[in-house]
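For reference, the chains in residue letters:
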Amino acid sequence: MLRTRVITALALMALLLPSLFWLPQSAWALLMAFIVGVAAWEWGGLLGWKAPVRIVLGVLAALVCAALSLADPAAIGAAGFDFAPAQPWVKVFYACAVLFWGLLAPFWLRGKWPLGGIAGLLVGAVVLLPAWLAAVQLRALGAGVLIAVFAIVWVADIAAYFAGRRFGKNKLAPAISPGKTREGAYGAAVGVLCYGLLVGHFFFAALMPSVLSTALWIVVLLALTAVSIVGDLFESLLKRNAGLKDSSNVLPGHGGVLDRVDSLTSTLPVVAALWLFLLRDA
């Protein structure tokens with residue numbers, strides 16, 4: 001199993017890292033559209049749908065993302081120097097994502113509501129489409145920006161793992177993900193704070209006095225940690241309701257795409273919304 005996980009991880013890095021740094025922005029948007037298509041196919045599985053309908057859902061999701069990128073290249077940074085990220089549809093995407101992850105998803109986890117039918121489609125759109133858009137727009141700011149956002153989730157996961165193993169006693173959500181503890185969540189918050197304050201010192205120092213005070217930056221980092229955990233738990237709830245261990249087996253040793261990007265689907269659009277509405281004109 002470990003060998004399979006390592007081989008898959010190396011293959012993904014060999015594909016994604018060169019693409020992240022060297023693909024044209026339009027091609028990056030289409031690559032992300034393909035990944036969203038696979039994730040949408042897995043989403044259909046979480047809804048209990050059978051293969052033909054799941055394939056249609058995946059193809060449609062990829063086509064929607066591709067059509068948006070081709071119809072509005074300025075919004076995704078693929079029109080040369082004409083980067084216009086604040087189009088009305090972009091604002092709607094991010095507003096829906098922020099409202100879902102910040103307000104609705106925590107109640108969803110508390111109530112352990114089932115998901116299916118039209119509601120399942122709508123929630124899938126809110127989970128996947130803004131995440132695609134954020135991955136594209138943040139990459140337009142530079143590959144390093146997107147990696148820095150990815151690192152928030154990576155640091156949270158790693159810190160939660162080690163803090164949970166060392167100090168974990170109180171379950172965070174035992175009916176959804178028995179392995180997660182409150183101590184792990186606290187460790188994730190500490191890890192993200194350390195990482196975020198370091199990044200803020202070196203990269204956002206000029207913005208801190210006028211836009212982001214240190215106190216506000218700490219609040220943002222804690223909120224992103226919480227959103228990351230909510231995204232992880234939400235996918236765990238869907239898998240538990242569907243009776244699945246993994247969203248699929250397309251990534252040997254790792255499960256499915258949704259298993260790898262669960263926290264990113266919540267964190268990416270929130271970060272992109274923060275940049276779009278607070279930092280872009282600072």
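Coordinates for the structure precede this section.
This is a predicted model, so every value here is computed, not measured. (Residues numbered from 1 in each chain as written. Predicted model: local features only at pLDDT ≥ 70, side-chain atom pairs only at ≥ 80, totals over all residues. Heavy atoms only, no water.)

Colleague: Honestly, the packing of aromatic side chains in this entry has me stumped. Any pointers?
Modeller: Each aromatic ring pair is described using two quantities: the centre-to-centre distance and the angle formed by the ring planes. Per the counting criterion, the structure on display carries 10 aromatic pairs. Between Phe100 and Trp101, the aromatic rings sit 4.9 Å apart at their centres with planes inclined by 80 degrees, giving edge-to-face as the arrangement. With a relative accessible area of 5%, Phe100 lands in the buried category. Of the residues examined, Trp101 reaches a relative accessible area of 2% and is grouped as buried. Seen from their ring centres, Trp108 and Trp113 are 5.4 Å apart, and the 50 degrees between their planes marks the pair as tilted. Here the aromatic cluster, defined as three or more aromatic residues joined through ring pairs, consists of Phe100, Trp101, Trp108, Trp113 and Phe234. (Phe/Tyr/Trp six-rings, centres within 6.5 Å; stacked < 30°, edge-to-face > 60°. Buried < 20%, exposed > 50% of the residue type's maximum accessible area, 1.4 Å probe, protein only.)

Colleague: Would you mind going over the pairing of strand S2 (residues 177-181) with me for this structure?
Modeller: Regular strands place their side chains on alternate faces of the sheet. Here strand S1 (residues 171-173) runs beside S2; their pairing, made up of two bridges, is antiparallel. Among the inter-strand pairings, Ala173 is bridged to a residue of S2, identified as Ser177. As consecutive antiparallel partners, S1 and S2 are separated by three residues. (Pairing = 2+ DSSP bridges. Helix = DSSP H or I, 4+ residues; strand = E, 2+ residues; numbered from the N terminus.)

Colleague: Looking at this structure, I do not really get the layout of surface pockets. What am I missing?
Modeller: Once rolled over the atoms, a probe with the size of a water molecule shows which space is left empty. As a volume, the largest pocket reaches approximately 1200 Å³. Forming the walls of the largest pocket are 37 residues, and the residues nearest its centre are Leu12, Leu16, Arg260, Val261 and Leu264. If you list the elements that add at least two residues to the lining of the largest pocket, you get helix H1 (2-22), helix H2 (25-46), helix H5 (117-140), helix H6 (143-167) and helix H9 (257-279). Considering only residue class, the lining of the largest pocket consists of 32 nonpolar, two polar and three charged. By volume, the second largest pocket amounts to about 1000 Å³. Asp157, Ser177, Lys180, Asp232 and Arg260 are, among the 38 residues lining the second largest pocket, the residues nearest its centre. (1 Å grid on protein atoms, 1.4 Å probe; cavity = no way out; pocket = protein on both sides within 12 Å on 5 of 7 lines; lining within 4 Å. Points joined across faces, edges and corners; volume = space filled by probe spheres on them. Nonpolar A, V, L, I, M, F, W, Y, C, P; charged D, E, K, R; others polar.)

Any functional reading would require information that these geometric values do not contain.
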